[in-house]
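Spelled out from the first residue to the last, the chains are:
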Amino acid sequence: VALYELEPNLTTDISAYQSCYGTSAPVSYTKVDGGAGSGAGAGEAALDIEDVIGLAPQSSIDVYQGPNTNAGAYDTYNAIMSADTSKVVSTSWGLCESSEGSSAASAEATLFQEAATQGQSIFAAAGDGGSEDCGTNALAVDDPASQPYVTGVGGTEIAALGPSPTE
């Protein structure tokens, strides 16, 4: 499983998680364009890695970390597709589709079509605001979940735990 990340994470956090749950999934890191910096990040990358370990503890995880810039975002996807070593690619990072820009979206689309041709499946978070992502009350979705060669996943925001959680 290749994970697309635009922030760093502490490897000690991942080790502690694996120790707690008795897993030993190999996790490797590839820094793209110098990487995503250092430190713990905001927790998104660690959560992504831990989710994959929890759901597929026998998997090998290739974490691609690039800078959170337009070039870094594209180059990180390009590195994953060029390596062509992971059949599953997952990202929880997205940008409101209306903010993406047509040239960036088109460039990504070419990479995602390449991935499909290579037999790679890409799964992307649809955004944290459900069907009304992007900070509006209108129907909206995040890129890359909106791309034709990407499977959009999620799009849920839990408002209260309940009983009976509300979304």
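Structure first, text after, so check above.
The model shown is predicted, which means the values in this text are computed figures rather than measured ones.

Engineer: What is the right way to look at the layout of surface pockets in this model?
Structural biologist: Picture a little ball the size of a water molecule; that probe, rolled over the atoms, points out where space is still empty. When its volume is computed, the largest pocket comes out at roughly 560 Å³. When residues of the lining of the largest pocket are traced back to their parent elements, those giving at least two are α2 (44–55), β4 (88–91) and β6 (121–125). In terms of residue count, the dominant contributor to the lining of the largest pocket is α2 (six residues). Split by residue class, the lining of the largest pocket holds eleven nonpolar, eight polar and five charged. A volume near 400 Å³ is recorded for the second largest pocket. For the lining of the second largest pocket, the elements supplying multiple residues, two or more each, are α3 (70–83), α4 (97–100) and α5 (102–117).

Engineer: I keep staring at the pattern of salt bridges and nothing clicks. Help me out?
Structural biologist: Once their charged atoms are close, side chains differing in charge can pair, the charge on each being opposite to the other. A full pass over the atoms with the stated rule returns one salt bridge. Across the salt bridge formed by Asp84 and Lys87, the nearest N and O atoms sit 3.8 Å from each other. Accessibility expressed as a relative area gives 30% for Asp84, which makes it partly exposed.

Engineer: What should I look at first to understand the pairing of β4 in this one?
Structural biologist: The two faces of the sheet receive side chains in turn, since in a regular strand these alternate between them. Only one face of β4 is covered, namely the one carrying Val89 and Thr91; the face carrying Val88 and Ser90 has none of its residues buried. As defined by bridge partners, strand β1 (residues 2–5) adjoins β4 across three bridges and the pair is classed as parallel. Residue pairing in the sheet places Tyr4 in a bridge with Thr91 of β4. Summarising the sheet, β4 and β6 pair through four bridges and their orientation is parallel. Across the sheet, Val89 pairs through a bridge with Ile122, a residue of β6.

Engineer: Would you take a moment to explain the sheet that holds strand β2 (residues 27–31) for this structure?
Structural biologist: Backbone hydrogen bonds hold the strands of a sheet together, and the pairing may be parallel or antiparallel. Taken together, six strands build an open sheet; the order of strands is β2-β3-β1-β4-β6-β8 and the sheet is parallel. The open sheet has two free edges, formed respectively by β2 and β8 (151–153), since each of these has just one partner strand. Direction aside, the axes of adjacent strands within the sheet are offset by 25 degrees on average. In this sheet, β8 lies alongside β6 in parallel orientation, the contact comprising three bridges. Bridging from a neighbouring strand, Ala125 pairs with Val153 of β8. α2 rests against β1, β2 and β3 (61–65) of the sheet, and its axis sits at about 165 degrees to β1.

Calculation criteria
- Residues numbered from 1 in each chain as written.
- Predicted model: local features only at pLDDT ≥ 70, side-chain atom pairs only at ≥ 80, totals over all residues.
- Heavy atoms only, no water.
- 1 Å grid on protein atoms, 1.4 Å probe; cavity = no way out; pocket = protein on both sides within 12 Å on 5 of 7 lines; lining within 4 Å.
- Points joined across faces, edges and corners; volume = space filled by probe spheres on them.
- Helix = DSSP H or I, 4+ residues; strand = E, 2+ residues; numbered from the N terminus.
- Nonpolar A, V, L, I, M, F, W, Y, C, P; charged D, E, K, R; others polar.
- Salt bridge = Lys/Arg side-chain N within 4 Å of Asp/Glu carboxyl O.
- Buried < 20%, exposed > 50% of the residue type's maximum accessible area, 1.4 Å probe, protein only.
- Pairing = 2+ DSSP bridges.
- Axes fitted to C-alpha atoms, helices over the stretch in contact; angles between N-to-C directions.
- Contact = heavy atoms within 4.5 Å.

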